[in-house]
Amino acid sequence: GSRVTNHNLRALLHYAKQRREFEPAAPPLRVALVEEGFLVRREAASLARLLAEDDAAQRALGTVEFRPVGARTFSQLCQAHNGRRDVAMALVLGELDRLERYRHE
């Protein structure tokens, strides 16, 4: 994922593990992640990869709910970029490329 996305997700998992360590009786952490609609898949893929590598984080994290905001369709993404289909297409293709790379990591 992007450096910022991965940094933020790692910080979230670090917090969840620290909370579990200092409050062992506390239930697993419930999280709602707010992300731009067209980026939710990237964030979910990044989180899945990080959790697959970290058993302690898996135990510390309970439910994760993604709450997409903003553009959710291609036409909405174009509207958000002043009707620039070329800009929207570049964003979508960039995300598709990242998802393919994550799948093979």
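Below or above, wherever it landed, is the structure these notes cover. The structure displayed is predicted, hence computed values, not measured ones. (Residues numbered from 1 in each chain as written. Predicted model: local features only at pLDDT ≥ 70, side-chain atom pairs only at ≥ 80, totals over all residues. Heavy atoms only, no water.)

## Side note on the overall build of the protein
No. 1: Within the protein, the secondary structure is distributed over five helices and two strands.
No. 2: Reading the protein from its N terminus to its C terminus gives the helix and strand order α-β-α-α-β-α-α.
No. 3: Seen through its principal axes, the protein has C-alpha atoms that stretch 50 × 25 × 15 Å.
No. 4: Within the protein, the fraction of its 105 residues that count as buried is 30%.
No. 5: Residue pairs in contact within the protein that sit at least 24 positions apart in sequence constitute 67% of those at least 6 positions apart. (Helix = DSSP H or I, 4+ residues; strand = E, 2+ residues; numbered from the N terminus. Buried < 20%, exposed > 50% of the residue type's maximum accessible area, 1.4 Å probe, protein only. Contact = heavy atoms within 4.5 Å.)

## Focus on the nonpolar core
No. 1: Within the largest apolar cluster, 13 residues are counted, with the highest numbers of intra-cluster contacts made by L13, L29, V31, L33, L47, L51 and L61.
No. 2: Among the elements of the structure, α1 (3–22), β1 (29–36), α2 (40–52) and α3 (55–60) are those that each provide at least two residues to this core.
No. 3: Looking at this core element by element, the count peaks at four residues for α1.
No. 4: Ignoring sequence-local partners within four residues, the contact set of L33 consists of L9, L12, E43, L47, V64, E65, F66 and R67. (Core = buried A, V, L, I, M, F, W, Y, C linked by side-chain atoms within 4.5 Å.)

## Observations regarding a nonpolar patch on the surface
No. 1: A surface patch of nonpolar side chains, amounting to about 330 Å² of accessible area, comprises M89, V92, L93 and L96.
No. 2: Relative to the elements of secondary structure, M89 occurs in helix α5 (residues 85–103). (Patch = residues over 30% accessible without salt bridge, like charges linked within 9 Å, V, L, I, M, F, W, Y side chains within 5 Å. Areas by Shrake-Rupley, 256 points an atom, 1.4 Å probe, with all protein chains shown as cover. Salt bridge = Lys/Arg side-chain N within 4 Å of Asp/Glu carboxyl O.)

## Focus: the pattern of salt bridges
No. 1: All chains considered together, the criterion is met by four salt bridges.
No. 2: In this structure, the salt-bridge partner of K17 is D54, at a minimum N-O distance of 2.7 Å. Of this pair, K17 sits in helix α1 while D54 is found in the loop between α2 and α3, placing the two residues 37 residues apart along the sequence.
No. 3: Taking relative accessible area as the criterion, K17 reaches 28% and is therefore assigned partly exposed.

## A few points about unusual backbone geometry
No. 1: Here N82, not a glycine, exhibits a phi torsion of approximately 55°, which is positive.
No. 2: With respect to the element layout, N82 can be found in the loop between α4 (74–80) and α5.

## Quick look at the environment of P27
No. 1: If you trace the backbone, P27 turns up in the loop between α1 and β1.
No. 2: Among the residues examined, P27 registers a relative accessible area of 56% and is labelled exposed.
No. 3: On a C-alpha basis, the gap between P27 and N6 in space is 24 Å, while along the polypeptide they are 21 residues apart.
No. 4: Setting aside chain neighbours within four positions, we find P27 in contact with R19 and R20.

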